[in-house]
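Fold and geometry: a report
The chain contents come next:
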Amino acid sequence: MEDQKVDMFLLTKGKYFRSYHLSDIRSRLKSVDDSRGLVQTMQFHDPTLLLIVSILVGHFGVDRIMVGDTGLGIIKLITCGGLGIWTIIDWFLIMGIARDKNMEKFLMFV
Amino acid sequence: MPFKGRSLYLGLTALWVAGLLYYAVVPGNFCFFSNITSIPCPSCGATRSMALILEGKLWEALKMNPLGIAVMVAMAGFPLWMLYDLVLGEPTLHKTFRKAETIVRRKWVAGLLILLALANWAWNICKGL
């Protein structure tokens, strides 16, 4: 992939990943052949949106379901947000979880 | 635990212990959502439902909150399943959990569960829990 496209990807989607992953992403993107432009169209979880969702409706497990942890989301719902404790813990964890899930998705493709 | 899914087992154990402590020690309603909004959440009444099950009043428990039955089954079954996995050295709970997640992700299953959750929530609000 061309350097310009790599820079564009990191500029637009760098916030979806943890900062220490960015150099690994850069080196992988440089070595990938993206003539069909599939990498650019990959959809990632927005950590900021998930934080807002977690604060507003995290009690119902919606934040966990949105990141793909469906089972945990259901358990969170039926335990009243893990008795409220899990709700609060996820306010602090959800952005990191979203970034980790994004990295897993990226690594599956690249 | 020497096998895959350690974080799931540890998380569920913590939840189980918290559930036991909540049932045994905490008086009144601890629901975060209902205390702030005055509207019951979908799982409000589950602990009271479990108390009714322990008294042998299954129909009253179902009317209080059907989720109480699910939580009761989970609270009773989880330590047994955990023990089974520890003895066997196989993460069968973790495997079943992952398989269940793929089933729940199917659109019709997810849609049905969402409808049931919303219906239960509406019923909770009507009951004035």
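This structure is a prediction, so every number in the text was calculated from the model and none was measured.

Calculation notes
Per chain, residues are indexed from 1 in the order of the written sequence. Throughout, the order in which chains and ligands are written sets their labels, letters from A for the former and numbers from 1 for the latter. Restriction of local features to residues with pLDDT of at least 70 applies here, the model being predicted, together with a cutoff of 80 or more for giving and counting side-chain atom pairs; totals for whole chains, interfaces and linings are based on all residues. Hydrogens and water molecules were not included; the side-chain quantities draw on all heavy atoms of the structure. To pair, rings of Phe, Tyr and Trp, with the six-membered ring standing in for Trp, must have centres within 6.5 Å; the planes then decide the type, stacked if under 30 degrees apart, edge-to-face if over 60, and tilted in the middle. Helix numbers and strand numbers start at the N terminus; a helix is a DSSP run of H or I with at least 4 residues, a strand a run of E with at least 2. A 1.4 Å probe rolled over the protein chains alone gives each residue an accessible area, and that area as a share of the maximum for its type sets the label: buried under 20%, exposed over 50%, partly exposed in between. Ring-over charges, as used throughout, are those where CZ of Arg or NZ of Lys falls within 6 Å of the ring centre and within 35 degrees of the ring normal. Here a cavity means grid points, on a 1 Å grid over the protein atoms only, where a 1.4 Å probe fits yet cannot get out; a pocket means an open set of points with protein on both sides within 12 Å along at least five of seven lines; lining residues are those with an atom within 4 Å of a point. Grid points are joined across faces, edges and corners, and a volume is the space filled by probe spheres set on the points. Throughout this entry, Asp, Glu, Lys and Arg are counted as charged residues, while Ala, Val, Leu, Ile, Met, Phe, Trp, Tyr, Cys and Pro are counted as nonpolar. The remaining residues, Gly among them, count as polar. A pairing counts as a salt bridge when a side-chain nitrogen of Lys or Arg comes within 4 Å of a carboxyl oxygen of Asp or Glu.

Tallied over the full model, the rule gives nine aromatic pairs over all chains. Judged by centre distance (6.2 Å) and plane angle (80 degrees), the ring pair of Phe9(A) and Phe44(A) falls under edge-to-face. Remark: Phe44(A) occurs in the loop between helix 2 (22-31) and helix 3 (47-57) and Phe9(A) occurs in helix 1 (residues 3-13); sequence separation between them is 35 residues. Taking relative accessible area as the criterion, Phe9(A) reaches 1% and is therefore assigned buried. Residue classification places Phe44(A) among the buried positions, given a relative accessible area of 12%. Following the ring pairs from residue to residue traces out a cluster consisting of Phe9(A), Tyr16(A), Phe17(A), Phe44(A) and Phe106(A). The cationic tip of Lys127(B) hangs over the ring face of Trp123(B); the distance from NZ or CZ to the ring centre is 3.8 Å.

Considering only enclosed or pocket space, the largest pocket measures out at about 1200 Å³ in volume. In terms of lining, the largest pocket is formed by 45 residues, of which the most central are Ile78(A), Thr79(A), Ala70(B), Val71(B) and Ala74(B). Elements that contribute at least two residues to the lining of the largest pocket include exactly helix 5 (70-78) and helix 6 (80-83) of chain A together with helix 1 (6-25), helix 3 (46-54), helix 5 (67-88) and helix 6 (92-104) of chain B. Here the lining of the largest pocket takes 11 residues from helix 5 of chain B, the largest share from any one element. Considered class by class, the residues forming the lining of the largest pocket number 33 nonpolar, 10 polar and two charged. In this model, the second largest pocket occupies a volume close to 680 Å³. Forming the walls of the second largest pocket are 23 residues, and the residues nearest its centre are Ile74(A), Leu77(A), Leu113(B), Ile114(B) and Ala117(B).

For the rest of this paragraph, the subject is the pattern of salt bridges. Per the stated rule, a full pass over the model turns up 12 salt bridges over all chains. For Arg64(A), the salt bridge goes to Asp69(A), with nearest N and O atoms at 3.2 Å. Note that Glu55(B) is salt-bridged to Lys57(B), the shortest N-O span being 3.2 Å. Sharing partners across several salt bridges, the network here consists of Asp63(A), Arg64(A), Asp69(A), Lys76(A), Asp90(A) and Lys101(A).

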